[in-house]
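Listed below are the residues making up each chain.
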Amino acid sequence: MEQTSSAESAPQNPFEANTSHALRGDYENMRADYTVEQPYHLYTEEEQARWRFLYERQSKLLPGYAAKEFIDGLEKLDVANAIPRLDDANEILAKATGWELVAVPGLIPDGPFFEHLANKRFPLSWWMRGADELDYLVEPDVFHDFFGHVPLLSNPVFADYMRQYGEGGPKAIEHGAQDMLARLYWYIVEFGLIKTDDGLRAFGAGMLSSKDETIYSVESPKPNRVGFDLERILNTAYMVDDFQKTYFVIDSFEQLFEICSQDFTPFYKRGAGKEPIDPETVLETDIVINKGQF
Ligand code: HBI
Ligand code: FE
């Protein structure tokens, strides 16, 4: 059987068609499930130093702003001094929750992404951002994905929520409701706040890997903060290139897991074809923690 080149056998770059920007990852040499080996030898000394700079800057902000479960998870991973080797982190995660990190070239299609999560695998973009992207980058890189997403994968309840989120993927695709399900990921996994006895704390990867949004999301009077409401979130649009106008606040990871265990089909049916709620809006029916200043 003639040898097909890796380009022919591997799925083509999934996003060429529908993103405004060409993705930067190397999608040529992937396995069929979009995974690759983490090419640790490719990281330069500058990139290792960039990791240490970003780690130091973000971890200093965490006390008083990040959920305790996040801080505990990060400490367990012990990754301050160098870009993490996924094999090392996987030994820790295997013991804590049975989750595994798999390297991918960057964003992958929803289907494979959901499939990995449903099997307790987190697809992690392996490349490191450039020196000119320290504060903002368009696609997730190893710092966003590892520093932002991995610490909570050692928390059994949140990790189970992530698995359950992945399991719900095919149903969303079946109902053409990927955009609705993506909003839940965005407002919770990327930008979620949690109530604690000491006040609100951030647990979302997008805010905790961002210099300014960690503090802004917890203490700025500008944004709305609204109590967790699944159907409300599934129907609320979001912005990708600015701080959030509204943050949603869960009572606990147990509450999040319980509420998201239900069948989303009725929400997909009710939300189909409807205009989403504007990110700045506060509804009469909202559990308002604070109304923002817009
Ligand atoms: N791919 N590698 C990667 N990382 C993500 O966070 C990611 C993705 N593909 C799709 C996606 N996120 C979102 O559409 C989720 O809401 C599904
Ligand atoms: Fe993310």
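First, a word on scope: everything that follows refers to the structure included in this document. The structure presented is a predicted model; accordingly, all values stated were derived computationally and were not measured.

Applying the stated criterion to the full structure yields one cavity of 30 Å³ or more. Of the volumes computed, that of the largest cavity is approximately 40 Å³. Class assignment for the residues of the lining of the largest cavity results in five nonpolar, two polar and no charged.

Let us now look at the coordination of the iron ion (ligand 2). Within the first shell, the iron ion (ligand 2) binds the protein through His144 (NE2), His149 (NE2) and Glu190 (OE), at distances of 2.0 to 2.1 Å. Mapped onto the polypeptide sequence, the residues donating to the iron ion (ligand 2) form the spacing pattern H-x4-H-x40-E. Taken as a pair, His144 and His149 share a single burial class, namely buried.

Turning our eyes to something else, we now look at the packing of helix H2 (residues 45-61) against helix H6 (residues 142-149). Viewed as axis vectors pointing N to C, H2 and H6 meet at an angle of 35°, and their least axial separation amounts to 11 Å. Note that H2 runs across H6; the crossing there is right-handed. Across the interface between the two elements, Trp51, Leu54, Tyr55, Gln58 and Ser59 of H2 pack against Val142, Phe143, Phe146 and Phe147 of H6. Partitioning the contact of H2 with H6 into residue classes produces seven nonpolar, two polar and no charged.

Turning our attention to the site of ligand 1. All residues in the neighbourhood of ligand 1 are listed as Val104, Gly106, Leu107, Ile108, Asp110, Phe113, Phe114, Tyr165, Ala182 and Tyr185. Contact distances for ligand 1 include 2.7 Å between a nitrogen atom and a backbone N or O atom of Ile108. In this structure, Asp110 approaches ligand 1 through a side-chain N or O atom, which is 3.0 Å from an oxygen atom. Burial of ligand 1 by the protein amounts to 87% of the accessible area it has alone, namely 390 Å². The cavity where ligand 1 resides is the largest pocket. Of all the elements in the fold, those that place two or more residues in the shell around ligand 1 are helix H5 (110-118) and helix H9 (178-190). The biggest single contributor to the shell around ligand 1 is H5, with three residues. A per-class count over the shell around ligand 1 returns eight nonpolar, one polar and one charged.

Attention now moves to the nonpolar core. Counting 85 residues, the largest nonpolar core has Leu101, Phe146, Tyr161, Met162, Leu184 and Ile188 as the members making the most contacts within it. Aside from chain neighbours lying at most four places away, what touches Met162 is Trp99, Leu117, Phe122, Leu153, Tyr185 and Val189.

Considered for burial, the residues of H5 that qualify are Phe113, Phe114, His116 and Leu117. Buried positions in H5, seen along its axis, are confined to an arc of 160° and lie on one side of it. In this structure, the buried side of H5 is in contact with strand S1 (100-104), strand S2 (121-125), helix H7 (156-167), helix H8 (169-174) and H9. Just past H5, the residue Lys120 takes up positive phi, approximately 60°.

Further remarks concern the environment of Leu86. On the secondary structure map, Leu86 appears in helix H4 (residues 86-96). Note: C-alpha distance between Leu86 and Leu181 (95 residues apart in sequence) is 28 Å. Ignoring sequence-local partners within four residues, the contact set of Leu86 consists of Gln38, Leu101, Val102, Ala103, Leu124 and Phe146.

Our next topic: the side chain of His149. Mapping His149 onto the fold places it in helix H6. Relative accessible area serves as the criterion here: at 4%, His149 is assigned to the buried category. Beyond its immediate sequence surroundings of up to four residues, His149 is in contact with Phe122, His144, Tyr185, Val189, Glu190 and Ala205.

Criteria and thresholds
- Residues numbered from 1 in each chain as written.
- Chains lettered and ligands numbered in written order.
- Predicted model: local features only at pLDDT ≥ 70, side-chain atom pairs only at ≥ 80, totals over all residues.
- Heavy atoms only, no water.
- 1 Å grid on protein atoms, 1.4 Å probe; cavity = no way out; pocket = protein on both sides within 12 Å on 5 of 7 lines; lining within 4 Å.
- Points joined across faces, edges and corners; volume = space filled by probe spheres on them.
- Nonpolar A, V, L, I, M, F, W, Y, C, P; charged D, E, K, R; others polar.
- Donors = N, O, S within 2.8 Å, 3.2 Å for Na, K, Ca; no water.
- Buried < 20%, exposed > 50% of the residue type's maximum accessible area, 1.4 Å probe, protein only.
- Axes fitted to C-alpha atoms, helices over the stretch in contact; angles between N-to-C directions.
- Helix = DSSP H or I, 4+ residues; strand = E, 2+ residues; numbered from the N terminus.
- Left-handed = near helix turned anticlockwise from the far one by under 90°.
- Contact = heavy atoms within 4.5 Å.
- Near = heavy atom within 4 Å.
- Polar contact = N/O pair within 3.5 Å; in protein donor to acceptor, adjacent residues only side chain to side chain.
- Areas by Shrake-Rupley, 256 points an atom, 1.4 Å probe, with all protein chains shown as cover.
- Sits in = over half its atoms within 2 Å of the grid points.
- Core = buried A, V, L, I, M, F, W, Y, C linked by side-chain atoms within 4.5 Å.
- Arc of directions from axis to C-beta.

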